[in-house]
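One-letter residues, chain by chain:
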Amino acid sequence: MSQSKIKTDEKKQHFDDIYVAETPVPFKERILDALDYISDDFNRRMFDRLILPWVQEKAGRGETVRYVDLCACFGNTTMATVYGMDYEAIRHNWRDTDACRRIEAERRFPAHTTGIDISGNAMAYGQSCGLFDDTVVADLNAPSAEAKQAVDAAMENADVVISTASLVYLETDVIKALIDAFARAPREGYMLVNFLNPFSLDKADETKRLLLERLEFVGSMATRHRRMSPLEQENYPGEEWSLLEIWVLRRRP
Ligand SMILES: C[S@@+](CC[C@H](N)C(=O)[O-])C[C@H]1O[C@@H](n2cnc3c(N)ncnc32)[C@H](O)[C@@H]1O
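What comes next concerns the included structure. Values in this document were obtained by computation on a predicted structure and should not be read as measured data.

### Details of helix α10 (residues 201–214)
Then, in step 1: The end-to-end C-alpha distance of α10 is 20 Å, a good match for the 20 Å that 14 residues give at a rise of 1.5 Å each.
Then, in step 2: Among all positions of α10, only Lys203, Ala204, Thr207, Lys208, Leu210, Leu211 and Arg214 are buried. Buried residues in α10, looked at end-on, bunch into an arc of 160°, giving them a common side. When the buried face of α10 is taken as reference, the exposed residues oriented beyond 90 degrees from it are Asp202, Arg209 and Glu213.

What follows is the structure, given as structure tokens:
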């Protein structure tokens, strides 16, 4: 994969080499540990407040939840939401290249999970350790016809889509098409997304408008995301933490 395909705010630290590593251990050491990347504790809290009760109702009726992690990387947010793991548990699970091969928690509800990402290594890891039942490796900004079809089908079939710290990497038309594919299914379904501050605020505003045009707003919260790197602190003087807005939306009835 060419790393130039990944778009990043130039004032934000680039982590592309970590996303394409063979295991999540560099992600753990250089992002989770080094930058106090605690955002999944809050993604989980939001999921538990606004999505988990509905998911548990479905489980009570014997239904399997079709779950998609869009731009999933190694699946840290899936570990938080589907497996109920917190920041410390995810770090501990990814402590070394042996330990990370097995997820040290159980799914909290019956789910069919699909991971989607440009990183073939991250998707191979997610599938081999059982985090993802299915994966699609695709550059969402320039997918092959086959990958586009697989991504659209996953979005349309999904009950729950999670896309954390990621929509900012995608072109506006791509985001529109992804939300359209999700929105078109005639059933209840939820999307959890988040927006980082202080990076790419104009893009975040545009993405929020696209979401609100197509989906119904359910709720939001503001939290810490992670510490800013020394480079980012130079680019944004006076800021120590990157902050997060987490939104939950649902398909319109
Ligand atoms: C910041 S990470 C987010 C990982 C995880 N969702 C989280 O919240 O920690 C962004 C992910 O987006 C993926 N990504 C970036 N550009 C992409 C593209 N054009 N198509 C598909 N995935 C892409 C990267 O490979 C990386 O795994």
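### Things to note about the state of the cysteines
Then, in step 1: In total, this model carries zero disulfides according to the counting rule given.
Then, in step 2: Cys71 provides the cysteine sulfur closest to Cys73, a residue in no disulfide bond, and the two sulfurs are 9.3 Å apart.
Then, in step 3: Not engaged in a disulfide, the cysteine Cys129 finds its nearest cysteine sulfur in Cys100; these two sulfurs lie 7.6 Å apart.
Then, in step 4: Judged by its relative accessible area of 11%, Cys129 is buried.

### So, helix α8 (residues 145–157)
Then, in step 1: Helix length check: α8 (13 residues) gives 18 Å between terminal C-alpha atoms against 18 Å at 1.5 Å per residue, within 8%.
Then, in step 2: Buried residues along α8 sit against β1 (65–70), β2 (111–117), β3 (134–137), β4 (160–163), α9 (172–183) and β5 (190–197).

### Quick word on the side chain of Lys58
Then, in step 1: With respect to the element layout, Lys58 can be found in helix α4 (residues 52–60).
Then, in step 2: A relative accessible area of 7% places Lys58 in the buried class.

### Considering the site of the ligand
Then, in step 1: Around the ligand, the structure places 19 residues, and the nearest of them are Tyr37, Asn76, Asp117, Asp139 and Thr164.
Then, in step 2: Within the side chain of Asp139, one N or O atom sits 2.9 Å away from a nitrogen atom of the ligand.
Then, in step 3: Against a free-state accessible area of 610 Å², the protein chains account for coverage of 98% of the ligand.

### Digging into the packing of α8 against α9
Then, in step 1: Between α8 and α9, the shortest axis-to-axis distance is 6 Å and the interhelical angle comes to 45°. Taken as axis vectors, α8 and α9 run oblique relative to one another. Here α8 runs over α9; the crossing is right-handed. For the pair α8 and α9, the contacting residues are Val151, Asp152, Met155 and Glu156 in the first and Leu178, Ala181 and Phe182 in the second.
Then, in step 2: Looking at the contact of α8 with α9 residue by residue, the class counts come to five nonpolar, no polar and two charged.

### Some details on the nonpolar core
One broad rule of soluble globular proteins: the nonpolar side chains tend to lie buried together.
Then, in step 1: With 86 residues, the main nonpolar core has Phe27, Trp94, Leu140, Met155, Val160 and Leu170 as its most contacted residues.
Then, in step 2: Dropping the residues within four chain positions of it, Leu140 is found in contact with Leu70, Cys71, Ile116, Val151, Leu170 and Val174.

Cut-offs applied
- Residues numbered from 1 in each chain as written.
- Predicted model: local features only at pLDDT ≥ 70, side-chain atom pairs only at ≥ 80, totals over all residues.
- Heavy atoms only, no water.
- Helix = DSSP H or I, 4+ residues; strand = E, 2+ residues; numbered from the N terminus.
- Expected span 1.5 Å × (residues − 1).
- Buried < 20%, exposed > 50% of the residue type's maximum accessible area, 1.4 Å probe, protein only.
- Arc of directions from axis to C-beta.
- Disulfide = S-S within 2.5 Å.
- Contact = heavy atoms within 4.5 Å.
- Near = heavy atom within 4 Å.
- Polar contact = N/O pair within 3.5 Å; in protein donor to acceptor, adjacent residues only side chain to side chain.
- Areas by Shrake-Rupley, 256 points an atom, 1.4 Å probe, with all protein chains shown as cover.
- Axes fitted to C-alpha atoms, helices over the stretch in contact; angles between N-to-C directions.
- Parallel < 35°, antiparallel > 145°, perpendicular 65-115°, else oblique.
- Left-handed = near helix turned anticlockwise from the far one by under 90°.
- Nonpolar A, V, L, I, M, F, W, Y, C, P; charged D, E, K, R; others polar.
- Core = buried A, V, L, I, M, F, W, Y, C linked by side-chain atoms within 4.5 Å.

Treat this as a map of the structure, not an account of what it does.
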